[in-house]
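# Report on the structure
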Amino acid sequence: MTVTLTCRFKLELSKDQKQQFLDIATAYTNAVNYVLEQNFKDKSTNVKKLHRLYYSTIREKFSLPAQIAINVNRDVSAMYKTLWAQFKELKRRKPDSKAVKKFWDKPPKRKSLIVKYTYNRTASFKKVNGEWHASLSTLQGRIKWIPMKGWSKHFEYLESGKIGDPILTYDKSSKTFFLLVPVTLEVQEQPPKEIVGVDVGERHIVAVASTRGTRYLIDLPEEFKQRKQHYQRLRSELMSKGTRSAKRKLARISRREKRFTENVLHIIAKKLITNHPGAKFVLEDLTYIKANRITYRGKDKEARRQSEQWPFASLQQKIEYKSKLYYGVQSEKVDPAYTSQTCPVCGHVSKENRPDHGERFICQNCGYEEHADIVGAINIALKVLAKDQQVNLENLLRADVSRPNAPSS
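Residues numbered from 1 in each chain as written. Predicted model: local features only at pLDDT ≥ 70, side-chain atom pairs only at ≥ 80, totals over all residues. Heavy atoms only, no water.

### With respect to the overall build of the protein
This is how it is decided: Only DSSP runs of H or I with at least four residues qualify as helices, and only runs of E with at least two residues qualify as strands; both kinds are numbered from the N terminus onward. Two residues qualify as a contact provided that any one of their heavy atoms is within 4.5 Å of a heavy atom in the partner residue. Only the protein chains shown count as cover for residues, with accessible areas throughout obtained via the Shrake-Rupley method and a probe of 1.4 Å. Only four residue types enter the tally: Lys and Arg on the positive side, Asp and Glu on the negative side; His and the chain ends are excluded. By convention, charge coordinates are those of NZ in Lys, CZ in Arg, CG in Asp, or CD in Glu.
Looking only at helices and strands, one finds 11 helices and 15 strands in the protein. For the protein, the C-alpha atoms occupy an extent of roughly 75 × 70 × 45 Å along the three principal directions. Across the protein, contacts joining residues at least 24 apart in sequence account for 66% of those joining residues at least 6 apart. Put simply, the protein shows about 23,300 Å² of open surface, and 49% of that area lies on carbon and sulfur atoms. If you average the places of the 76 positive and of the 43 negative side-chain charges in the protein, the two averages end up 8 Å apart.

Written as structure tokens, this is what we have:
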């Protein structure tokens, strides 16, 4: 089993080196935006076609090294693939909306300064005397022996795993360059010790139900909610001002809030993994959660706003990779349809099982009562258990009845 992580390293650069990386990051971003605009009519995702049409121009107009020019077209292809997927999903959910009609009004544009490198071609790493260094291409040539700073665990992963293509990013507020390096690690797969259903976002950020009988809710501490509300107020005030300085401050606050949110999600994921070591986590497939969010939250606008500001997909991703990395257990996703309306005891499905869309689940058929989010977590776990049982049944029915000990007809 493999698990891929993104390791983040700060680059220690001189003033001259920073300028060289600013030059290539600006050229790369401008090249991406150029191709995004030129390709807007066709909206093609075919890398070979983009390469044939734009490679020579990218080389001449933006003076990018050959391999990095190739990465521009790959980057554009990936961006249009994402946009097409978003458009199709939006059209499926709201076919007659203004958002659908205006989706392709103007070409996409990248704002952040980045460079996508290719490992062992335009980027490489060396460890000398216990210190790691990077070697990266620029418009002026290769810069070698760049000191890298970061978390010790990330350096361990860099040494033991398979390194992917790194991405150079620039943080404007701190005027610092970071290198994001994907690393794939081999992990020994282990059988799960328990099955844990995880229901996210139903008034409580996480509801948990385990085959060992453990059931509980994880609520956000009040200080986290208040901090989110603080960011929301600041955003509203700055957006209403609309001045240039307000926009700069808004960007800083957005980055700060993103770091805060990611840290909170790491804390929650770690708590789950620690509470259930070696468990197989069963998670909701969140493909359709946005379409159903208002029915989940009803008229509670503050609860809905809070839930929409916590990226549940990111939380799930953290649970998945931590479970694989630390215990070698693969998580699984299931369709969450009707999990909050289905009685886990008798199987009766009805909206009436949740009176007034409240937190209490009361089965109208057998009378079973439980917290609605816990019921959702139980049903999520049951979906995997039922599927495993079906597989075992099919294997049993396919068994060779002509074996020596089988009774003769």
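The discussion continues.
### A closer look at a positive patch on the surface
This is how the line gets drawn: The residues that make up patches have over 30% relative accessible area and no salt bridge, and they are joined within 9 Å when like-charged or within 5 Å when they are Val, Leu, Ile, Met, Phe, Trp or Tyr. We count a salt bridge whenever a side-chain nitrogen from Lys or Arg sits within 4 Å of a carboxyl oxygen from Asp or Glu. When a residue's accessible area, from a 1.4 Å probe over protein chains only, is under 20% of the maximum for its type it is buried; when over 50% it is exposed; and in between it is partly exposed.
Taken together, the side chains of R8, R227, K241, R244, K247, R248, K249, R252, R256 and R259 define a basic patch exposed on the protein surface. Secondary-structure elements contributing two or more residues to the positive patch are α6 (222-241) and α7 (244-275). When residues of the positive patch are assigned to their parent elements, the largest contribution, 7 residues, is made by α7. By secondary structure assignment, the location of R244 is in helix α7. Since its relative accessible area comes to 70%, R244 is described here as exposed.

### As for the domain arrangement of the protein
Using the following cut-off: All domain edges in this entry derive from an automatic or database-based domain assignment. Two parts placed together each lose some accessible area under a 1.4 Å probe, and the buried area is that loss summed for both. Between N or O atoms, a polar contact is any pair within 3.5 Å; within protein, one atom must be a potential hydrogen donor and the other a potential acceptor, and residues adjacent in sequence are included only when both atoms are from side chains. We call Asp, Glu, Lys and Arg charged. Ala, Val, Leu, Ile, Met, Phe, Trp, Tyr, Cys and Pro are nonpolar, and the rest, Gly among them, are polar.
Taken domain by domain, the protein holds domain 1 (1-184) and domain 2 (193-392). For domain 1 and domain 2, the distance between their C-alpha centres works out to 31 Å. Ranking the residues of domain 1 by area buried against domain 2 places M1, V3 and R93 at the top, with a combined share of 45%. In this structure, the connection of domain 1 to domain 2 is made through 1 salt bridge. With its nearest N and O atoms 3.8 Å apart, the salt bridge here joins D171 to R255. Connecting domain 1 to domain 2 are 1 residue pair in polar contact (both at pLDDT 80 or more). Elements that contribute at least two residues to the side of domain 1 that touches domain 2 include exactly β1 (2-11) and α3 (66-93). Here the side of domain 1 that touches domain 2 is built from residues that sort into 4 nonpolar, 2 polar and 4 charged.

### Examining α6
Along an α-helix, residues three or four apart share an orientation, since each turn contains 3.6 residues. Selection criterion: Expected helix span is computed as 1.5 Å times (number of residues minus one).
Across its 20 residues, α6 extends 29 Å between first and last C-alpha, which sits within 8% of the 28 Å expected from 1.5 Å per residue. In the segment just after α6, G242 is the residue with positive phi, at about 75°.

### Notes on the confidence of the model for the protein
Spelled out, the test is: Values of pLDDT, ranging from 0 to 100, describe the predictor's confidence in every residue of the model.
Residues at a pLDDT of 70 or more form 90% of the protein, whose mean pLDDT is 89. pLDDT under 50 marks residues 290-298. Its contacts with residues more than four places away, or in other chains, come to 17 contacts. Confidence over residues 401-409 falls short of pLDDT 50; this stretch has 1 contact with residues more than four positions distant or in other chains.

### A word on the nonpolar core
Counted only if it meets this: Joining through side-chain atoms within 4.5 Å is the link that ties buried Ala, Val, Leu, Ile, Met, Phe, Trp, Tyr and Cys residues into a set, and such a set is a nonpolar core.
In this structure, L11, F21, L64 and L136 are the most contacted members of the largest nonpolar core, which totals 59 residues. Discounting chain neighbours no more than four positions away, the residues touching L64 are I24, A27, Y28, A31, I58, R59, A69, V72 and L139. With 30 residues, the next largest nonpolar core counts V206, F260, A269 and F281 among its residues.

### Details of the UniProt feature "domain: Cas12f1-like TNB" (unreviewed entry) in the protein
We apply this condition: UniProt positions are given in the numbering used here, feature names are shortened, and annotations may be inferred rather than shown by experiment.
Under the local residue numbering, the UniProt record ascribes the feature "domain: Cas12f1-like TNB" (unreviewed entry) to residues 312-380. As annotated, residues 312-380 has a helix share of 36% and a strand share of 13%, and its two end C-alpha atoms lie 16 Å apart.

### A closer look at the pairing of strand β7 (residues 167-171)
Selection rule: Paired strands, as defined in this entry, are two strands with at least two bridges between them according to DSSP.
In terms of residue burial, β7 counts as a mostly covered element, since 4 of its 5 residues are buried. Here strand β2 (residues 114-116) runs beside β7; their pairing, made up of 3 bridges, is antiparallel. Counterpart to K116 in the pairing with β7 is I167. Relative to strand β8 (residues 176-186), β7 is paired through 5 bridges, and the arrangement is antiparallel. Considered in β8, the bridge of I167 is made with L180.

### Re unusual backbone geometry
Of note in the backbone geometry, K175 takes a positive phi value of approximately 50° without being a glycine. We note that Y338 has phi near 65°; this positive angle belongs to a residue other than glycine. Y338 sits in the exposed class, given a relative accessible area of 55%.

### Comments concerning the packing of helix α2 (residues 47-62) against α3
Quick note on the threshold: Only the stretch in contact is used when a helix axis is fitted, and all axes are lines through C-alpha atoms; the angle between N-to-C directions ranges over 0 to 180 degrees. Put simply, angles under 35 degrees are roughly parallel, angles over 145 are roughly antiparallel, angles from 65 to 115 are roughly perpendicular, and the rest are oblique. Handedness of a crossing is defined here by the sense of rotation of the near helix relative to the far one, left-handed for an anticlockwise turn of less than a right angle and right-handed for a clockwise turn.
Look at α2 against α3: their axes get within 9 Å of each other, and the N-to-C directions meet at 135°. Classified by the interaxial angle, the pair formed by α2 and α3 is oblique. Here α2 and α3 pass one another in a crossing that is right-handed. Here V47, L50, H51, Y54, Y55, I58 and R59 of α2 lie close against α3, whose contacting residues are A66, A69, I70, V72, N73, R74, V76 and S77. Partitioned by chemical class, the residues of the contact of α2 with α3 number 10 nonpolar, 3 polar and 2 charged.

### Overview of the packing of aromatic side chains
As a reminder, the rule being used: Any pair of Phe, Tyr and Trp rings, taking the six-membered ring for Trp, is counted once the centres come within 6.5 Å. Such a pair is stacked with planes under 30 degrees apart, edge-to-face with planes over 60 apart, and tilted for the rest.
Tallying each qualifying case throughout the model produces 15 aromatic pairs. Ring centres of F87 and W104 lie 5.8 Å apart, and the angle between their planes is 55°; on these two criteria the pair is classed as tilted. On the criterion of sequence distance, the pair formed by F87 in helix α3 and W104 in the loop between α4 (98-102) and β2 is long-range, its members being 17 residues apart. According to the relative accessible area criterion, W104 is buried, its value standing at 17%.

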